[in-house]
Amino acid sequence: QVQLVESGGGLVQPGGSLRLSCAASGSIFTIYRMGWYRQAPGKQRELVAAATSSGSTNYADSVKGRFTISRDNAKNTVYLQMNSLKPEDTAVYFCNADLFWNIRELYWGQGTQVTVSS
């Protein structure tokens, strides 16, 4: 049983920054893939950024150059540094973990609200 605990969401003005954190507990393995998804009202959940334990990363085109994902494998923790935030970044952000490279075993955080507004 893996649990994901998120923190760092909140209200920020356009152009501001936030740093999201997600700590996974209950796994004796280094989690293969951890990432962030977001879902705005009336829209589908979309991938924001993800990172594997070996260091591979990928980003949504809409956040490239503004967001940075990083990991602390020893802590099974993933971070999302969000800079130059725009109103269209407003969404609920969900932490995601896929435990193994060859077996799908997915876990999700509860979601944290990010609101970008002047």
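Computed from a predicted structure; not experimentally measured.

Trainee: Now, about the state of the cysteines: what can you tell me, with residues and values included?
Mentor: Taken as a whole and assessed by the stated rule, the structure comprises 1 disulfide. With a sulfur-sulfur separation of 2.0 Å, Cys 22 is cross-linked through a disulfide to Cys 95. Measuring the twist about the S-S bond at about -85°, one finds the Cys 22-Cys 95 disulfide to be left-handed. Note that Cys 22 is positioned in strand β3 (residues 18-25) and Cys 95 in strand β9 (residues 91-98), a separation of 73 residues in sequence. A relative accessible area of 0% places Cys 95 in the buried class.

Trainee: I'd love a proper account of the nonpolar core, names of residues and values included.
Mentor: Within the largest apolar cluster, 30 residues are counted, with the highest numbers of intra-cluster contacts made by Trp 36, Leu 80, Met 82 and Tyr 93. Mapped onto this core, the elements with two or more residues apiece are β3, β4 (33-39), β5 (46-52), β7 (67-72), β8 (77-82), β9 and β11 (112-116). Those residues in contact with Met 82 that sit more than four places away from it in its chain are Gly 16, Ser 17, Leu 18, Leu 20, Arg 66, Phe 67, Tyr 93 and Val 114.

Trainee: Can you lay out the packing of aromatic side chains for me, pointing to particular residues and giving the numbers?
Mentor: As enumerated under the stated definition, the model contains 2 aromatic pairs in all. Relative to Phe 100, the ring of Phe 29 has its centre 5.4 Å away and its plane inclined at 70°; by these criteria the two rings are edge-to-face. Pair noted here: Phe 29 is in the loop between β3 and β4 and Phe 100 is in the loop between β9 and β10 (106-108), with a separation of 71 residues, a long-range link. The exposure class assigned to Phe 29 is partly exposed, which follows from its relative accessible area of 45%. By relative accessible area, which is 22% here, Phe 100 ends up partly exposed.

What counts, and where the lines are drawn
- Residues numbered from 1 in each chain as written.
- Predicted model: local features only at pLDDT ≥ 70, side-chain atom pairs only at ≥ 80, totals over all residues.
- Heavy atoms only, no water.
- Disulfide = S-S within 2.5 Å.
- Helix = DSSP H or I, 4+ residues; strand = E, 2+ residues; numbered from the N terminus.
- Buried < 20%, exposed > 50% of the residue type's maximum accessible area, 1.4 Å probe, protein only.
- Core = buried A, V, L, I, M, F, W, Y, C linked by side-chain atoms within 4.5 Å.
- Contact = heavy atoms within 4.5 Å.
- Phe/Tyr/Trp six-rings, centres within 6.5 Å; stacked < 30°, edge-to-face > 60°.

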